[in-house]
Amino acid sequence: MPYCNVGTTNNGIKIFYRTYGGGPVKVLMIIGLAGTHDSWKPQIEGLVGTTQANDIDDIWSSEDGVCNGNGNGIEICVFDNRGMGRSSIPKNKSEYTTKIMAADAISVMEHLGWKKAHVFGHSMACKVAAVFPDRVLSLALLNVTGGGYECFPKFDRQTLSIAMRFLMAKTPEQRAAVDLDTHYTQEYLEQHIGVKTRRQVLYQGYVEGISATGMQSNHGFDGQVNACWTHRISKKEVEVIGKNGLLISVIHGRCDVIAQISHAKRLAHKLYPLAKMVELPGGHLVSHERSKEVNEALLDLIKASETKTTPFDWTNLSPKPNTSTSNCWTSSSSSRLNSETESSNSGIAEKMRIMILYILGLFLVVFEYIKRARVLGCLKPIRVGSASAVT
């Protein structure tokens, strides 16, 4: 099995990865919270024409060095983040941040001998572009936010129900059921494929997949959640991405119950004119629900980047007057303005974060109270006779 050692030589952390296809165009795909490399199958098949990994079978053409897939000349690498799947699971939560995990991704590239790559993924992909801008050719952000308080999902009845079921899931069957409602829209799940609904078909596949890799360990889950809570793309990091001049696609499902699309739109405007906003009818896992449209968007991004398309020819966004978001790439004055206002804005954001954490803490306290009450309710009452009554 292909593994890559990351960090210091004595920490023993290994990242499991796989490559698909072959050719001069390199694509690194980075999955999000509690996901494994297998989650990219629709994109792997769409971009290279096969889901058979290179380490499983020799599928290369010795004449031109191009994989016998769809002839796009693309090689894809996917991997399991630390704390998930077949990768190592550090026990200390401090070993899980998006910056550390971004360094893991670069270590995989180094291991493969890739100097640069098109980087596609969720929130951590943005951190890779911010911390290692010289290694990124283009950037596709799927269902992401800018971090901080934006990591909190929409606060409504549906989301609370999903959160409670997620926390209480102890078996692959329970986890599969809640994952479906997290990843897809109800309309998509209720569509029929023959005599069965998509929910029934996907459920079986999810159970098999979770059973094969095992339920995520407590250390892995707590660590990755810590990475989510502490994740933030600062204004300075947005400027770093902007100065690099790489083209960006921000792809988002309109019905995402985890990452709100309003945050994705805000991030896209901050990255104007480098960014194109791609809205699709779908949920959090829009890469599966609308795989054809997502794959087309990714191929368009690769083509535009390889042909040196200018940002203004690429973007579908309009500049917002009187805001710094319209000058991320072209103006140095926004940098001075951002430096003057960043401290005050960060203070407001921190207050909002504390307030939201307080509300979340209250919710968790109530949840624990309800859980304990349910346990106590299962205890059979003891019948006390009149002779034993306390006087």
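Residues numbered from 1 in each chain as written. Predicted model: local features only at pLDDT ≥ 70, side-chain atom pairs only at ≥ 80, totals over all residues. Heavy atoms only, no water.

Caption draft 1: Structural view of the overall build of the protein chain. Summing up its helical and strand segments, the protein chain has 14 helices and 10 strands in all. Within the protein chain, contacts between residues at least 6 apart in sequence are counted, and of these 72% link residues at least 24 apart. Total accessible area computed for the protein chain in this model is approximately 20,100 Å², and 55% of it derives from carbon and sulfur atoms. (Helix = DSSP H or I, 4+ residues; strand = E, 2+ residues; numbered from the N terminus. Contact = heavy atoms within 4.5 Å. Areas by Shrake-Rupley, 256 points an atom, 1.4 Å probe, with all protein chains shown as cover.)

Caption draft 2: A look at the sheet that holds strand β1 (residues 3-5). Read from one edge of the open sheet, eight strands run β1-β2-β4-β3-β5-β6-β9-β10, paired in mixed fashion. Only two strands of the sheet have a single neighbouring strand rather than two, namely β1 and β10 (275-280). Ignoring strand direction, the axes of neighbouring strands in this sheet form an average angle of 25 degrees. Examined bridge by bridge, strand β3 (residues 25-30) and strand β5 (residues 117-121) share four bridges and lie parallel to one another. Within the sheet, the bridge partner assigned to V27 lies in β5 and is H118. Packing against the sheet, helix α12 (residues 291-306) makes contact with β3, β4 (74-79), β5, β6 (136-142), β9 (247-253) and β10, and its axis sits at approximately 170 degrees to β9. (Pairing = 2+ DSSP bridges. Axes fitted to C-alpha atoms, helices over the stretch in contact; angles between N-to-C directions.)

Caption draft 3: Quick peek at the nonpolar core. I30, L141 and I248 are the most contacted members of the largest nonpolar core, which has 46 residues in total. Excluding residues within four positions of it along the chain, I30 makes contact with W40, F79, N81, A105, V119, F120, G121, H122, M124, A125 and V128. Residues W40, I44, V48 and L247 belong to the second largest nonpolar core, which totals 28 residues. (Core = buried A, V, L, I, M, F, W, Y, C linked by side-chain atoms within 4.5 Å. Buried < 20%, exposed > 50% of the residue type's maximum accessible area, 1.4 Å probe, protein only.)

Caption draft 4: Up close: α12. Counted at 1.5 Å a residue, the expected span for α12 with its 16 residues is 22 Å, and the 22 Å between its end C-alpha atoms agrees. What α12 keeps buried is the set V294, N295, A297, L298, L301, I302, A304 and S305. One or two positions beyond α12, positive phi appears at K308, with a value near 60 degrees. (Expected span 1.5 Å × (residues − 1).)

Caption draft 5: Fine view of the confidence of the model for the protein chain. Averaged over all residues, the pLDDT of the protein chain is 81; the fraction at 70 or higher stands at 76%. In the predicted structure, residues 331-344 sits below a pLDDT of 50 and forms 12 contacts with residues beyond four places in sequence or in another chain. Per-residue pLDDT stays below 50 along residues 379-391; that stretch engages in zero contacts with residues further than four places along the chain or on separate chains. (pLDDT = per-residue confidence, 0-100.)

Caption draft 6: Molecular detail of the pairing of β5. Along β5, five of the five residues are buried, which leaves the element largely enclosed by surrounding structure. Every second residue of β5 is oriented toward a common face, with A117, V119 and G121 on one face and H118 and F120 on the other, all of them buried. Note on the crossover from β5 through helix α3 (residues 123-131) to β6: the handedness is right-handed. (Right-handed = clockwise from strand over helix to strand, strands pointing away.)

Caption draft 7: Quick peek at the pattern of salt bridges. Using the criterion set out here, one finds 13 salt bridges in the structure. Here E110 ties to R135 by a salt bridge, and the two come within 2.9 Å at their closest N and O atoms. Placement of E110 in helix α2 (residues 98-112) and of R135 in the loop between α3 and β6 is noted, with a sequence separation of 25 residues between them. The class for R135 is buried, based on a relative accessible area of 12%. A salt bridge links R165 to D181; its shortest N-O distance comes to 2.9 Å. (Salt bridge = Lys/Arg side-chain N within 4 Å of Asp/Glu carboxyl O.)

Caption draft 8: Representation of unusual backbone geometry within the structure. At the junction of Y272 and P273, the peptide bond is cis and its omega measures out at 5 degrees in the coordinates. As for its position among the elements, P273 is in the loop between α10 (261-270) and β10. The backbone of N143 sits at a positive phi, close to 50 degrees, despite the residue not being glycine. Mapping N143 onto the fold places it in the loop between β6 and α4 (157-168).

Caption draft 9: The packing of aromatic side chains, seen in detail. Under the defined criterion, the tally for this structure stands at four aromatic pairs. Ring geometry for Y3 against F16: centres 5.4 Å apart, planes inclined by 65 degrees, an arrangement best described as edge-to-face. With Y3 in strand β1 and F16 in strand β2 (residues 14-21), this residue pair connects regions lying 13 residues apart in the sequence. Overall, Y3 belongs to the partly exposed group, its relative accessible area being 33%. Residue class for F16 comes out buried when judged on its relative accessible area of 0%. Considering the side-chain rings of Y184 and Y188, the 5.4 Å spacing of their centres and the 20 degrees angle between planes classify their relative orientation as stacked. Judged by relative accessible area, Y184 falls into the buried class, the value being 5%. Through a chain of ring-to-ring contacts, three or more aromatic side chains come together here, namely Y184, Y188 and Y206. Over the ring of F16 we find R86, and its NZ or CZ is 4.9 Å from the ring centre. Taking NZ or CZ as reference, K276 lies 3.9 Å from the ring centre of W314, over its face. (Phe/Tyr/Trp six-rings, centres within 6.5 Å; stacked < 30°, edge-to-face > 60°. Lys NZ or Arg CZ within 6 Å of the ring centre and 35° of its normal.)

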